Amino acid sequence: MQKKRWRALVVLRKVLTCAICSIALVALFSVHVPAFPSSKKRENKYQKLSAERSWTQELAPSHSKSPLPSRKLDEASGILEMEKLWKPPSNRDFVPCANPSLNYTPPAGSRGYLLVHTNGGLNQMRAGICDMVAVARIINATLVIPELDKRSFWQDSSNFSDVFDEDHFIEALAIDVKVIKKLPKDLANATRAVKHFRSWSGMEYYEEEIASMWEEYEVIRAAKSDSRLANNHLPSDIQKLRCRACYEALRFAPQIEAMGKLLVDRMRSYGPYIALHLRYEKDMLAFSGCTHDLSQDEADELRVIRENTPYWKVKEIDSREQRSKGFCPLTPKEVGILLTALGYPSTTPIYIAAGEIYGGDSRMADLQSRYPLIMSKEKLASVEELEPFINHASQMAALDYIVSVESDVFIPSYSGNMARAVEGHRRYLGHRKTISPDRKSLVRLFDKLEQGTMREGKNLSSRIIEIHRRRQGSPRKRKGPISGTKGMDRFRSEEAFYVNPLPDCLCRKELPIVNNSLTMR
C-alpha cells in the first residue's frame, strides 16, 4: 500500500515537472519570436507596431521630449544660418514676359539705314545697343551692326563680332528689326546725317524730329548711344523689345561663352560662391575723385588722370564729401568688414569681377586675410586659356559678366554700369540674390570703427544685417524720378531701365484655377 502511494507521488512530481517546463518554454518563445520573425506576416505586424509607436512619439507634447544636446542644436542653427546666407529672395511668382503683343507686326519696308557708334565700357555699350534696336524699330530703319567704342579709357580694338554673337543677334531680332552687317556698297560714300540723339527721349522725339530726316538722308549716324531712350512711358512692345534685345539677342561670342562657362564650373567646384564686383580700379577712382585710404602720391596720380581725360567734365572733387554721400566705391578692406558682418564664413569662395585693383596685393591684404579663397579669371584659368582675351578689356569684362550673372550671390562695391547691368539680368532670370551695399550708411559705421567708438562684433553685425535686409534683389517696381527734380536731372534720377525690367518685362505667373466647390452625392 505504501509502495503504491510512493509510486503515485513520483508520477505526480514528474507530471508537475513536465508542466512547469512546458510553461517555461512557452513563455520563452512568446518573448523572442517577434525579435526573429520567421514569416512575412510577423514582419509586417512588427513594422506596423513600430510605425504606430513612432507616430505616437511624434504626437507627444514637446515638453515630454528629452532636449537635444546643445552641440547638436548649435549645429542645426548653424546650418539654417548658412542656408539663409545663400538663399535667394522670393520671386513672388514673377517670370519673364517679353514676348510681343498679338497685334505686333514684322518690320515694314525700311526708310533708311541707322549707323550706331557706341560709347563707354562693355555694359554702357550693351545698354546703348539695345536702345538703338528699339530706336530703329521706332523710326523704321535698317540697323547696321553697331560699331564698338575704340577710343575710351580702355583702348579696346574689339569689333562687334569679337564680343557678341553677330549671327544670333541678327536672327533673334528678325521679327523686330532688319539688321545687316555692313552698309550697302552703293551707300558707302553717301551723305549721312550725324546726329547726337537727345538723352532720355520718348516716342514723339524719334517719330517726328528724327524720322523727318529720312526726307533728306538715306543714312543717319547716331554719334552716341548711351541713355538716348527714356526709361519709362514708352509703349509696352517697345519696352519688351528692349528686353528681348538685351537678354536674348545680345549673346556673347561663342568663344567668350565657352570660357565663361568654364570659369563658372571651376568656381562651382569650391561650392556656392560670391561674385564681388570690386570696382576699386584706377579709372573708377580717378573718375569719382575718391581717395580715402590712399597716399598723397596715389591721390595726385588720380587727379592728373582726371584732369587729362577731356570727356570727364568734373575736375575738382571733394573726396571726403563724395564718400560721406555714398558716392565712392567701398575699399577692399571695407568689403571684408561688410562680408564678415553679414555672416559669411572665412571659407566662402569669392570671385573678384574686376580689372587690376589699384594698389595691388597690398590693398587686397586685409580682404585676403579674412577670405583666403579669393579667385579671379587669372587664377582660375591658365595663361594659354586667357591669351585670346587678355588684351581686350571688353572681352575680359564679358567673362566677369558671365561669372557674376551665374553666381549664387552678387555684391557690387559700387553702383556703376557693370553692377546695374548684372543686377537687371539677375532680376530677369528669377531675382537671384544681389546684395546692394548701402554705402552712405556703411561709411558712418566704418568711420566709427576707425575712430574706436565701435568694434566689430555682434552689435555691428546686427546693424549691417538690418540695413541690408531689403537690399537683396527681391521683386519691386522700377523707381521713378526723385521728387522735386526737373529737366534732365529728373531723368537722370530715375532708376535705369536695364537695372530693373519690372513691370515692363516681368509679370506674375498665372496660377491654375482650382475649383474648391464640394461635389454633392
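This text goes with the structure placed above it.
Residues numbered from 1 in each chain as written. Predicted model: local features only at pLDDT ≥ 70, side-chain atom pairs only at ≥ 80, totals over all residues. Heavy atoms only, no water.

Novice: Lay out the sheet that holds strand 6 (residues 219-222) in plain terms, naming residues and giving numbers.
Specialist: The parallel open sheet is built from five strands, whose spatial order is 4-3-2-6-5. Both outer strands of the open sheet, strand 4 (179-180) and strand 5 (192-195), are each paired with one neighbouring strand and no more. One ladder, built from four bridges, connects strand 2 (residues 113-116) with strand 6; its direction is parallel. Considered in strand 6, the bridge of Y113 is made with V219. Contacts from helix 4 (residues 122-138) reach strand 2, strand 3 (142-144) and strand 6 within the one sheet, and its direction differs from that of strand 2 by about 165 degrees. (Pairing = 2+ DSSP bridges. Helix = DSSP H or I, 4+ residues; strand = E, 2+ residues; numbered from the N terminus. Contact = heavy atoms within 4.5 Å. Axes fitted to C-alpha atoms, helices over the stretch in contact; angles between N-to-C directions.)

Novice: Tell me about the state of the cysteines, and name the residues and values.
Specialist: Scanning all chains against the criterion turns up three disulfides. Bridging C97 to C507, the disulfide has an S-S length of 1.8 Å. Between C97 and C507, the disulfide has an S-S torsion of 70 degrees and is therefore right-handed. Placement of the pair is C97 in the loop between strand 1 (94-96) and strand 2 and C507 in strand 11 (residues 506-508), with a sequence separation of 410 residues. (Disulfide = S-S within 2.5 Å.)

Novice: Explain the pattern of salt bridges to me, and be specific about the residues and the numbers.
Specialist: Inspection of the entire model under this criterion finds 28 salt bridges. Note that R268 is salt-bridged to D408, the shortest N-O span being 2.8 Å. With R268 in helix 9 (residues 254-268) and D408 in the loop between helix 17 (393-405) and strand 10 (409-412), the pair connects residues that are 140 residues apart, well separated along the chain. Residue R268 is classed as partly exposed on the basis of its relative accessible area, which comes to 36%. Here D408 falls in the partly exposed class, since its relative accessible area comes to 25%. R323 is the partner of D447 in a salt bridge, and the nearest nitrogen-oxygen pair spans 2.9 Å. Pair noted here: D447 is in helix 19 (residues 439-451) and R323 is in helix 12 (residues 319-324), with a separation of 124 residues, a long-range link. Taking the relative accessible area as the measure of exposure, D447 reaches 23% and is therefore partly exposed. (Salt bridge = Lys/Arg side-chain N within 4 Å of Asp/Glu carboxyl O. Buried < 20%, exposed > 50% of the residue type's maximum accessible area, 1.4 Å probe, protein only.)

Novice: Break down unusual backbone geometry for me, citing the residues and quoting the values.
Specialist: In this model, L502 is joined to P503 through a cis peptide bond whose omega is 20 degrees. When you line up the elements, P503 lands in the loop between helix 21 (487-492) and strand 11. The phi dihedral of D93 is positive, around 70 degrees, even though this residue is not glycine. Looking at where D93 falls in the secondary structure, it is placed in the loop between helix 3 (70-86) and strand 1. Positive phi, close to 60 degrees, is recorded for H233, a residue that is not glycine. Within the element layout of this structure, H233 appears in the loop between strand 6 and helix 8 (236-249). In this structure H233 comes out as exposed when scored by relative accessible area, which is 81%.

Novice: Could you give an account of the sheet that holds strand 10, naming the residues involved and the relevant values?
Specialist: Spatial ordering of the open sheet is given by 9-8-7-10, a layout of four strands whose pairing is parallel. Each of the sheet's edge strands pairs with one partner strand only, and the pair in question is strand 9 (374-375) and strand 10. By the bridge criterion, two bridges tie strand 8 (residues 350-352) to strand 9 in an arrangement that is parallel. For Y351, the partnering residue across the bridge sits in strand 9 and is M375. Packing against the sheet, helix 17 makes contact with strand 7 (274-277), strand 8 and strand 10, and its axis sits at approximately 155 degrees to strand 8.

Novice: Explain helix 9 to me, using residue names and the numbers behind them.
Specialist: Look at helix 9: 21 Å from first C-alpha to last across 15 residues, which is about the 21 Å you get at 1.5 Å a residue. Of all the residues in helix 9, the buried ones are I256, M259, G260, L263, V264 and M267. What you see down the axis of helix 9 is that its buried residues fit within an arc of 140 degrees, all on one side. Opposite the buried face of helix 9, by more than 90 degrees, sit the exposed residues P254 and K261. Buried residues in helix 9 make contact with helix 5 (160-163), strand 8, strand 9, helix 15 (377-380), helix 16 (383-386) and helix 17. (Expected span 1.5 Å × (residues − 1). Arc of directions from axis to C-beta.)

Novice: Run through the pairing of strand 2, naming residues and quoting values.
Specialist: Bridge analysis of strand 2 against strand 3 gives two bridges, and the strand direction is parallel. Across the sheet, Y113 pairs through a bridge with T142, a residue of strand 3. Between strand 2 and its parallel partner strand 3, the chain crosses via helix 4, and the hand of that crossover is right-handed. (Right-handed = clockwise from strand over helix to strand, strands pointing away.)

Novice: Let's hear about the nonpolar core: which residues, and what values?
Specialist: If you look at the biggest cluster of nonpolar residues, it comprises 82 residues, and the most contacted ones within it are F169 and F197. It is helix 4 that contributes the most residues to this core, 10 residues altogether. Not counting residues within four places of it along the chain, the set of residues in contact with F169 comprises I129, V133, L143, I145, F160, V179, A249 and L250. One finds Y280, I305, I337 and I435 within the second-largest nonpolar core, a separate group that totals 40 residues. (Core = buried A, V, L, I, M, F, W, Y, C linked by side-chain atoms within 4.5 Å.)

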